[in-house]
Amino acid sequence: MKARVTITLKPGVLDPQGRAIQNALGGLGFAGVAGVRQGKVIELDLADGTSEAEVDDMAKRLLANTVIENYRIELL
Amino acid sequence: MKAAVVVFPGSNCDRDLAVALEQITGTAPVMVWHRETELPEGLDLIALPGGFSYGDYLRSGAMSARSPVMAAVVAAAGEGRAVLGVCNGFQVLTEAGLLPGALMRNAGLNFVCRDVALTVENSQTMFTARYDAGETIRVPVAHHDGNYFADAETLDRLEGEGRVVFRYAEDVNGSARGIAGIVNAQGNVLGLMPHPERLIEAEQGGTDGRRVFEALAAALG
């Protein structure tokens, strides 16, 4: 089985990389990009039967820094 | 004073810290590899150096904070032993939960590598007793992820408890309230982004960093 953990910055946390991407999109001529927030996606190859609780523990203890980031888990 | 410098894969200021400690305290520190599960007996100070441990993979300091040695560092900090984290060492301390907040990408996105002006906000710590409160010093920074972030409540608590020890006296990286260095509630753990170990003798262009180590030597014997 696989799981996908999507990590995003919490609302209100400044995202200078997102801002730079937004500016670059403007430079390419894409009008109307009002905001960009970037994050990361981590795909895990897991032993069958791994529980969502265990993936949640992985996210809390390493994959995300919950001071600044939110995460979302999908079991695939 | 018996000191140790922890070495992670990708640390690059470990020897600078060792030289500063040996020159100023008279005793060479023990270098401890991050895979160790125990620290040497009877340490007074544990120093976490600057660098780019694990290539800053995942987040700066994230992998190192889960190194085997860090459980021993957390335990030693709990016993009241002094812990100093410089630059990447500060990032490791926040990732390990020994200090609050997080260090994020610099607001200007650029790697910042230059001397910056710092205000010493609190001279009543074992790390800063040789400075005067309100004094401005110049110390080099060299980082990409030095933009300190914490929620407003945490920032207010840090300020209220005098735990903001060093503040940038100029715009450097977008840090919340200009925070450059903080201590934990007990006052025995300091994390700072600037590099005091790089400015300990005149040949390096100044000695403003020297007094951090002099203060530790005086406090810890």
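Residues numbered from 1 in each chain as written. Chains lettered and ligands numbered in written order. Predicted model: local features only at pLDDT ≥ 70, side-chain atom pairs only at ≥ 80, totals over all residues. Heavy atoms only, no water.

## Remarks on the overall build of chain A
The helix and strand tally for chain A stands at two helices and three strands. Taken from N to C terminus, the helices and strands of chain A fall in the order β-α-β-α-β. Computed over the C-alpha atoms, the radius of gyration of chain A is 16 Å, more than 25% above the 11 Å expected from 2.2 N^0.38 for a compact globule of 76 residues. Across its three principal axes, chain A shows a C-alpha extent of roughly 45 × 25 × 15 Å. Taking all contacts inside chain A whose residues are at least 6 apart in sequence as the whole, residues at least 24 apart take part in 69%. When the accessible surface of chain A is summed, it comes to about 4,700 Å², and 54% of that surface belongs to carbon and sulfur atoms. A distance of 9 Å separates the average location of the 9 positive side-chain charges in chain A from that of its 10 negative side-chain charges. (Helix = DSSP H or I, 4+ residues; strand = E, 2+ residues; numbered from the N terminus. Rg over C-alpha atoms; globule rule 2.2 N^0.38 Å. Contact = heavy atoms within 4.5 Å. Areas by Shrake-Rupley, 256 points an atom, 1.4 Å probe, with all protein chains shown as cover. Lys, Arg positive; Asp, Glu negative; His and termini not counted. Charge placed at Lys NZ, Arg CZ, Asp CG, Glu CD.)

## Quick notes on the UniProt feature "active site" (unreviewed entry) in chain B
Residues and elements named next belong to chain B. Taking the numbering used here, the UniProt-annotated feature "active site" (unreviewed entry) corresponds to Cys-87, His-195 and Glu-197. Spanning 111 residues, the annotated positions come together in the fold, the maximum distance between their C-alpha atoms being 10.9 Å. The topology assignment puts Cys-87 in the loop between strand S4 (82–86) and helix H4 (88–95). With near-sequence residues (within four places) excluded, Cys-87 lies in contact with Gly-50, Ala-142, His-143, Leu-192, Met-193 and His-195. Mapped onto the elements, His-195 comes out in the loop between strand S11 (189–192) and helix H6 (210–220). A relative accessible area of 1% places His-195 in the buried class. Setting aside chain neighbours within four positions, we find His-195 in contact with Cys-13, Gly-50, Val-86, Cys-87, Val-139, Pro-140, Val-141 and Ala-142. A distance of 2.8 Å separates polar atoms of two side chains, one belonging to His-195 and the other to Glu-197. (UniProt positions renumbered as here; feature names shortened; annotations may be inferred. Buried < 20%, exposed > 50% of the residue type's maximum accessible area, 1.4 Å probe, protein only. Polar contact = N/O pair within 3.5 Å; in protein donor to acceptor, adjacent residues only side chain to side chain.)

## Things to note about helix H3 (residues 68–78) of chain B
Residues and elements named next belong to chain B. By the burial criterion, the buried members of H3 are Val-69, Met-70, Ala-72, Val-73, Ala-76 and Ala-77. One face of H3 carries all of its buried residues, which in axial projection span an arc of 155°. With respect to the buried face of H3, the exposed residues turned more than 90 degrees away are Ala-71 and Gly-78. In the stretch just after H3, Gly-80 is the one whose phi turns positive, near 95°. (Arc of directions from axis to C-beta.)

## As for the interface of chain A and chain B
Listed as interface residues are 16 residues of chain A and, on the opposing side, 13 residues of chain B. Summing the contributions of chain A and of chain B, the shared interface buries around 1,200 Å²; its carbon and sulfur component is 68%. Here chain A is connected to chain B by one salt bridge. Salt-bridge contacts for Glu-69 of chain A lead to Arg-59 of chain B; the nearest nitrogen and oxygen are separated by 3.7 Å. Where the side of chain A that touches chain B is concerned, the elements lending two or more residues are helix H1 (16–27), strand S2 (39–45) and helix H2 (52–63) of chain A. (Buried area = accessible area lost by both parts, 1.4 Å probe. Salt bridge = Lys/Arg side-chain N within 4 Å of Asp/Glu carboxyl O.)

## Some remarks on H4 of chain B
An α-helix turns once per 3.6 residues; consequently, residues spaced three or four apart project the same way. All names here are of chain B. Burial of H4 is extensive: eight of the eight residues sit out of reach of the surface. By the burial criterion, the buried members of H4 are Asn-88, Gly-89, Phe-90, Gln-91, Val-92, Leu-93, Thr-94 and Glu-95. Just past H4, the residue Gly-97 takes up positive phi, approximately 80°.

## Some thoughts on the sheet that holds strand S6 (residues 112–120) of chain B
Residues and elements named next belong to chain B. The strand order S2-S1-S3-S4-S11-S10-S9-S6-S7 describes an open sheet built from nine strands, whose pairing is mixed. Since the sheet does not close on itself, it has two edges, and those belong to strand S2 (30–33) and strand S7 (136–143), each with one partner. Averaged over all pairs of adjacent strands, the angle between their axes in this sheet comes to 25°, without regard to strand direction. Here eight bridges tie S6 to S7, and the two strands are oriented antiparallel to one another. The residue of S7 that forms the bridge with Cys-113 is Ala-142. Running over the sheet, helix H1 (residues 14–25) touches strand S1 (3–7), S2, strand S3 (45–48) and S4 and is turned about 170° from S1. (Pairing = 2+ DSSP bridges. Axes fitted to C-alpha atoms, helices over the stretch in contact; angles between N-to-C directions.)

## Concerning the pairing of S1 of chain B
Residue and element names in this part refer to chain B. Among the five residues of S1, five are classified as buried, and the element is accordingly described as predominantly covered. Side chains of S1 alternate between two faces, with Ala-3, Val-5 and Val-7 and Ala-4 and Val-6 buried alike. For the crossover from S1 across H1 to S2, the handedness is right-handed. (Right-handed = clockwise from strand over helix to strand, strands pointing away.)

## Section: the sheet that holds strand S1 (residues 2–9) of chain A
Residue and element names in this part refer to chain A. Across the sheet, which stays open at both edges, the three strands sit in the order S2-S1-S3 with antiparallel pairing between neighbours. At either margin of the open sheet sits one strand with a lone partner, and together these are S2 and strand S3 (69–75). Neighbour to neighbour, the strand axes of the sheet diverge by 20° on average, direction disregarded. Looking at chain direction, S1 and S2 are connected through seven bridges and run antiparallel. Residue Lys-2 lies in a different strand from S2, and its bridge partner there is Asp-45.

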